[in-house]
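# Architecture and fold: a report
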Amino acid sequence: MLGPVRAWRDGVEVGLGSPQQRAILARLLLNHGHAVTLDQLVDAVWGDGPPARAVAALRTYASRMRAALEPDEGPSVLVSAGRTYRLRSLSVDLDEFERRVASAGAARADGRPADARELLVAALALCGGEPLAGVPGPYARGQRDRLAERVLGVLESRLELDLELGRHAEVAAEATALAAEHPLRERLRGVLMLALWRCGRQAEALGVFAETRRVLVEELGIEPGPDLAELHRRVLAADPGLAGATVRPSVPRPAQLPPDIADFTGRAGAVAGLATALTTSVGRAVAVVAVAGIGGVGKTTLALHVAHAVSGHFPDGQLYVDLQGVEAEPAEPGAVLAGFLRALGVAESAVPRGLGERAALFRSVVADRKVLVLLDNAHSVDQVRPLLPGAPGCAVLVTSRTRLSGLPAALVDLAVLEPEEAVELFVGVAGREQVVGERAAVLDVVAACGFLPLAVRVAASRLASRPQWTVACLSRKLADRGHRLRELRTGDLAVSEAFRLSYTRLDAVQARAFRLLALPEETDFSLPVAAAALDLDLCEAEDVLESLVDASLLHTRAPGRYGYHSLLKLYARQQIDRQEGPPIWRQVEAPVDLWSRRGDPLAASGARN
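Residues numbered from 1 in each chain as written. Predicted model: local features only at pLDDT ≥ 70, side-chain atom pairs only at ≥ 80, totals over all residues. Heavy atoms only, no water.

### Some remarks on the environment of V373
One can find V373 in strand β8 (residues 372-378). Along the backbone, V373 and G317 are 56 residues apart, and their C-alpha atoms lie at a distance of 8.6 Å. Beyond its immediate chain neighbours, meaning those up to four positions away, V373 contacts L319, F340, F362, P389, A395, V396 and L397. (Helix = DSSP H or I, 4+ residues; strand = E, 2+ residues; numbered from the N terminus. Contact = heavy atoms within 4.5 Å.)

What follows is the structure, given as structure tokens:
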């Protein structure tokens, strides 16, 4: 009854038939075993406009209902006598709801608020949405409103018990959402005011009263009742008698971080810097750090390692989400916030619908907590911004292939490994017995990998899975640049796939520039050379190049000079062969040679033309 009308027998759901049959069942159930006349059933289903053969239809519905509810052999459930029907031998969730609420009242009267609260939580757990959902007829409409009012009143009682037990912050968060849905309920507004006051938010508590008074006057033409007015007076006077329990009960402490990487290697400086940034709040600002870098450079690995290292600074929990920033459909911030709120103990029914409301509730819930939020693989600033807490006790670590320069964050560009770190990672994955005596070959391999962690891991994994290979054999395979990316693939790991995810996010102009600028053999190039190759003016070319830098597909070592990671350059050339064809070189050869003969001034001065 406390949701869509449904029935089960021996754990198997029973088909209840048409909406009209459900309306009859609801009318009989709400009469609690007492007889209901045919006239009353007609009124319940059709009101003042019944069909001509309403009674005959009712008898047909009753026959079908009896067949659904009663097993072949067993006691009768639907009993008929003359022009009446009644139900017996049924267990109804509404009856159990009322029993639990009554037991909660007794526990509260006995001075056992914690037991009373648990009983109310158990009662509310029986509610599965709008009572009598989908049941037609005037009777069901009236009862639906009555039951919804009853459930909301019990929820208010549970919130009051939460206040008794010192759950002020949790009540403030949940009551904020509920009050927005039910702006005329003075009892609920009073709960919210008291919760805010006990959280030290007196101005906000007074603001709730002012808003409530405005709504009541505008909507109903009345002033707030005496109870709410008295609470307002006491809040205004900072009445110490309003103080509640100081014991903080147990609250959910999510620990959502995926496991740390067992063979994490190097990055000592980056680890220390990120840890310091996350655990040191500046003034009243929440600590936010955004790590960007090329696909495969180890952003997620580093972030997880740092998050585990600093988790002790955030005793109220760690939240994690993969924002799927390189996928066709990145994660929706609203859906992410709903998951966060549930993990932090907010009831499903208290999660608001709108993105802005969810973001506000999230900030309220974590306002007095120390929570670490790891947002992995972000797509954009707009995706991340609603997910940021507002309190300085929290911290946020973001990873992205895009430089999130619009965030109020410390921005970190993650570079490839140092040569010795790359060697250490290779040896750790491949196994020391596999590389003994071949240090020079190992150096050749990690250099061919461009010291990119993903590439090093893939190469080492291939060697580990081929005991008959030597490092020198692997080095020879990687020496052929034309086939190097094909060799850097094992199982579900592939360097070219990591690059593809970034490449497919480019628009047509960016993608063409990414391909064509990989043609020259030089390790880097100047802005004028790029403009000549792309047939763009300097300003247009600079906009395109800087957008590729922000996407971590180019790097810039000095103003006006750009370059590729060695493996990204190989990938870009592959796309030329697939999408442009070899003759494309003739279109860019002349302007590139012209600028080369002029002696590129940027190469010497680093100045921007």
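Here the narrative resumes.
### Examining the packing of helix α8 (residues 186-198) against helix α10 (residues 226-236)
Relative to each other, α8 and α10 sit at 15°, their axes nearing to 10 Å. Considered as vectors, α8 and α10 are oriented roughly parallel to each other. As for how α8 packs across α10, the hand of that crossing is left-handed. On α10, the residues touching E186, R189, G190, M193, L194 and W197 of α8 are L228, L231, H232 and V235. When its residues are assigned to classes, the contact of α8 with α10 shows 6 nonpolar, 2 polar and 2 charged. (Axes fitted to C-alpha atoms, helices over the stretch in contact; angles between N-to-C directions. Parallel < 35°, antiparallel > 145°, perpendicular 65-115°, else oblique. Left-handed = near helix turned anticlockwise from the far one by under 90°. Nonpolar A, V, L, I, M, F, W, Y, C, P; charged D, E, K, R; others polar.)

### Observations concerning the side chain of R117
For R117, the location among the structural elements is in helix α5 (residues 113-124). A relative accessible area of 13% means that R117 is categorised as buried. With sequence-adjacent residues up to four places away left out, R117 is seen in contact with R158, L161, D162, L165 and R167. (Buried < 20%, exposed > 50% of the residue type's maximum accessible area, 1.4 Å probe, protein only.)

### Comments concerning the pairing of strand β5 (residues 84-87)
Going residue by residue along β5, you find Y85 and L87 tucked away on one face and T84 and R86 left uncovered on the opposite face. Note that strand β3 (residues 36-37) and β5 share 2 bridges and pair antiparallel. The residue of β5 that forms the bridge with T37 is T84. The pairing of strand β4 (residues 78-81) with β5 spans 4 bridges and is classified as antiparallel. What sits directly across from S80, in β5, is Y85. (Pairing = 2+ DSSP bridges.)

### Looking at helix α1 (residues 19-29)
In terms of burial, α1 is a largely internal element, 8 of the 11 residues being buried. Within α1 the residues assigned to the buried category are Q21, A23, I24, L25, A26, R27, L28 and L29.

### Points about helix α7 (residues 168-181)
Under the 1.5 Å per step criterion, the end-to-end length of α7 is 20 Å for 14 residues, consistent within 8% with the ideal 20 Å. Within α7, 10 of the 14 residues are buried, leaving the element largely enclosed by the surrounding structure. Within the sequence span of α7, burial applies to H168, A169, V171, A172, A173, E174, A175, A177, L178 and A179. The inward-facing, buried residues of α7 abut α6 (138-164), α8 and α14 (355-365). (Expected span 1.5 Å × (residues − 1).)

### So, a nonpolar patch on the surface
Together, L184, L220 and I222 give the surface a local cluster of nonpolar side chains, amounting to about 260 Å² of exposed area. With respect to the helices, strands and loops of the structure, L184 is situated in the loop between α7 and α8. The exposure class assigned to L184 is partly exposed, which follows from its relative accessible area of 40%. (Patch = residues over 30% accessible without salt bridge, like charges linked within 9 Å, V, L, I, M, F, W, Y side chains within 5 Å. Areas by Shrake-Rupley, 256 points an atom, 1.4 Å probe, with all protein chains shown as cover. Salt bridge = Lys/Arg side-chain N within 4 Å of Asp/Glu carboxyl O.)

### A look at the packing of α7 against α8
Remark: α7 packs on α8, axes separated minimally by 8 Å, with the N-to-C direction vectors making an angle of 145°. Of the two possible hands of crossing, α7 and α8 adopt the one that is left-handed. Taken together, the residues of α8 that come into contact with α7 (itself represented by H168, V171, A172, A175, T176, L178 and A179) are L188, R189, V191, L192, A195, L196 and R198. A per-class count over the contact of α7 with α8 returns 10 nonpolar, 2 polar and 2 charged.

In short, geometric facts, not functional conclusions.
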